[in-house]
Amino acid sequence: MENHVTQISRDDLDDLREAFNKIDIDNSGYVSDFELQELFREASFSLPGYRVREIVETFIAGDTNKDEKISFEEFVSIYQELKSKEFSETFRRTIARKDGIRSFGGMSGISSEGTQHSYSDEEKVAFVNWLNKALIKDPDCQHLLPMNPDNDSLFTSVRDGILLCKMINLSQPDTIDERVINTKKLTTFTMTENLVLALNSASAIGCTVVNIDAHDLMAGKPHLVLGLLWQIIKIGLFADIEISRNEALINLLAEGEELDHLLSVSPEELLLRWVNNHLHNAGTQPIRNFSEDIKDSRAYFYLLDQIAPKGEGDNEMRVDIDMSGLNECDLERRAELMLCQAAKLDCRQFVSPHDVTSGNSKLNLAFVANMFNMHPALQKPQSNGRDTELIEGESREEKTFRNWMNSLGVSPYVNHLYSDLCDALVILQLYEKVNVPVNWKKVNKPPHPVLGANMKKLENCNYAVELGRTEARFSLVGIGGENLNEGSAMHTLALVWQLMRRYTVLVLSDLGDGEKVGDQIILSWVNSTLSHGRKATQISSFKDKTISTSLPVIDLIETIAPGAIKSEMVKRGEKGMLSDADKLNNAKYAISVARKIGARVYALPDDLVEVKPKMVLTVFACLMGRGLKKADR
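Keep in mind that this is a model prediction, so the values were computed, not measured.

About the criteria used
- Per-chain numbering applies: the sequence of each chain, read as written, is numbered from 1 onward.
- At least 70 in pLDDT is required for a residue's local features to be given in this predicted model, at least 80 for side-chain atom pairs to be given and counted, and no such filter applies to totals for whole chains, interfaces and linings, which use all residues.
- The basis for every side-chain value is the complete set of non-hydrogen atoms in the structure, without hydrogens or water.
- Note on conventions: DSSP H or I runs of at least 4 residues are helices, E runs of at least 2 residues are strands, and numbering of each starts at the N terminus.
- What sets the accessible areas is the Shrake-Rupley method with a 1.4 Å probe; for residues, cover comes only from the shown protein chains.
- By this rule the span expected of a helix is its residue count minus one, scaled by 1.5 Å.
- Partly exposed residues are those whose accessible area sits between 20% and 50% of the maximum for their type, while under 20% is buried and over 50% is exposed, using a 1.4 Å probe and protein chains only.
- Definition used in this section: a nonpolar core is a set of buried Ala, Val, Leu, Ile, Met, Phe, Trp, Tyr and Cys residues joined via side-chain atoms within 4.5 Å.
- Residues are treated as being in contact if the distance between any of their heavy atoms lies within 4.5 Å.
- Each Phe, Tyr or Trp ring (for Trp, its six-membered ring) is paired with any other whose centre lies within 6.5 Å, and the angle between the two planes then decides the class: stacked below 30 degrees, edge-to-face above 60, tilted in between.
- Salt bridge, as used here, is a side-chain nitrogen of Lys or Arg placed within 4 Å of a carboxyl oxygen of Asp or Glu.
- Known as pLDDT, the predictor's per-residue confidence is scaled from 0 to 100.

Another aspect to go through is the overall build of the chain. The secondary structure content of the chain amounts to 27 helices and 3 strands. Of the roughly 29000 Å² that the chain leaves accessible, carbon and sulfur atoms contribute 49%.

Laid out in structure tokens, this is it:
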């Protein structure tokens, strides 16, 4: 079906269409009760808790075909049934359509049957400008840049996969070994390889890539391209908004607040606190959000004045912010004057004057995050009896688990592994991902009442442990619901690892349902496949020290995907003896090539070098799945 792009009129149906697309965070074409609850929680409705719960129940009851998913048609029907004027008006204000939203008919054979998607011109312009600036010096992107923000060049520029791979490395350095990216004499096959590499690498850093494939990106489907780019950009913007990486954020502790609580706060909340900390120092009113409260540019003027360099450090140039723009009555003109001041700090990114005055929360969040990264203007905290040396960042294992969860589209997004799992809602969603049935009628869903909220969460945790023992048949000796609820690292990791292992071996569907595929089956397949490929490498277990060279992984890839490995990129050393640098280079290459041939590997190069048995198992299991799929063709 031809893709017709038209400007949408301002009517209810279009408001609801955008709302639906916002709620449908995994782009599945359906929304769940979890996604609905997330909408209400983020929307900050001025409604009592019982009323919000009633509204959520109304949505869920509108699931007419009882498939536990709500389609757009069901969504519209439910909304029409909500007669409350108070709710209806609040809802409309929250999802009010921004100028520049465009719709287009679906382009696949299935989606062309009347499906429409929408995307924002403002987001397209913001992302194009950000990409142009970020990649302007990259020699591999010169054939793509600069892109024109006024046309659809962004959607054609992602076709070869290079731009996406480069953006992933900007957000999370060294995620992709750039030796693996195809950059010369590109064909449809090599471009598809790049896109598969980008998607699997995006998944590895925590992007939700459910229902997106290389063909969608090659076709330049706008809503999928923008959705993926936003996730990649956001991960990069938020990377340092974390106390273990920036201890100056401890200055944002509220009076009487425990440090443990601040450590569990989301990056969005930390950004809001950071802005309000500077507004407090400026003697002006705080803000509650990055939408309604920033439309008049007042907060931004004061923030810029606070974070501008004062010329006090060595070689620091003083920057003076002109505050006279606050006297401008026209808000659009005032926003332009404010952005001129932001440009002095090299922070004029992501928003136009209209994005400010219309309260585009996504782009204003990006604007503020970029300002924080460029000019945090926070002093090193005083100890006040706190031992800041004890603040540890997440371990590699914890980060891998968290990225895996987020890549599957769990809701809410997991920022902190232990505190965000203490109500078990994410764990229960993961059970469903590994084909363990969950009775959601037994689950206490937010919003919880103020009194007894933790008891509701504890009941969920008890149910999660019960499911693990009875349905999943996990080994959970000594693990109780209270351990999950309290955020016990040892107990939470024990359960999460078994969930991830089950998910990983589910790809081996020809051999069983995950539960029956033991380590020995995977090990035997690895060695027999290596022998079949006439490779000298063999492994005795997933603790075998030869894995530190990554040569067993590289040889296995070469066997199941001939031609994927470039021998000149591989260091083999004398009698298998390699330096630490060569081992790491081999590992980086092996992980990236595995992702390029279609294996969704979450493990990191260091996991191979250090021979971490759990992560090593997942690498070989993913490659086994890839090898079995090829054998079935």
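Here we come to helix 6 (residues 121–135). The end-to-end C-alpha distance of helix 6, which contains 15 residues, comes to 21 Å, matching closely the 21 Å that a straight helix rising 1.5 Å per residue would cover. Most of helix 6 is tucked away, with 11 of its 15 residues classed as buried. Here helix 6 has its buried residues at Asp 121, Glu 122, Glu 123, Lys 124, Ala 126, Phe 127, Val 128, Trp 130, Leu 131, Asn 132 and Leu 135.

The next thing to look at is the nonpolar core. The biggest cluster of nonpolar side chains holds 175 residues, and the ones touching the most others in it are Trp 274, Tyr 431 and Ile 522. Top contributing element to this core by residue count: helix 11 (residues 222–238), with 11 residues. When residues no more than four places from it in sequence are discounted, the contact partners of Trp 274 are Leu 252, Leu 303, Ile 307, Val 368, Met 371, Phe 372, His 375, Pro 376 and Leu 378.

Okay, the packing of aromatic side chains next. Applying the stated rule across the entire model yields 7 aromatic pairs. Relative to Phe 372, the ring of Trp 274 lies with its centre 5.3 Å away and its plane at 85°, an arrangement referred to as edge-to-face. Taken together, the positions of Trp 274 in helix 13 (residues 267–281) and Phe 372 in helix 17 (residues 361–374) put the pair 98 residues apart, joining distant regions of the chain. Of the two residues examined, Trp 274 and Phe 372, each falls in the buried class.

Enumeration according to the criterion identifies 25 salt bridges in this entry. The partner of Asp 121 in a salt bridge is Lys 124, with the nearest N and O atoms 3.7 Å apart. Residue Asp 121 and its partner Lys 124 are both found in helix 6; the two are separated by 3 residues, about one turn of the helix. Here Asp 121 falls in the buried class, since its relative accessible area comes to 14%. Looking at Lys 124, the relative accessible area reads 5%, which means it is buried. A salt bridge links Arg 396 to Glu 610; the shortest N-O distance between them is 2.9 Å. Residue Arg 396 is located in helix 18 (residues 396–407), and its partner Glu 610 is located in the loop between helix 26 (605–609) and helix 27 (613–632); the two are separated by 214 residues in the primary sequence. On the basis of relative accessibility, which here comes to 39%, the residue Glu 610 falls in the partly exposed class. Taken together, the salt bridges that share partners define one network made up of Asp 138, Asp 140, Lys 166 and Glu 178.

Summarising the model, the chain shows a mean pLDDT of 85, and 78% of its residues fall at 70 or more. Here residues 1–10 scores under 50 on pLDDT; set against residues more than four positions off or in separate chains, the count is 26 contacts.

Okay, the environment of Leu 217 next. Its place among the elements puts Leu 217 in helix 10 (residues 214–218). For Leu 217, a relative accessible area of 1% translates into the label buried. Residues Leu 217 and Val 196 lie 21 residues apart in sequence; the distance between their C-alpha atoms is 9.8 Å. With residues near it in sequence (within four places) discarded, Leu 217 still touches Phe 155, Val 158, Arg 159, Leu 164, Leu 195, Leu 199, Ile 212, Val 225 and Leu 228.

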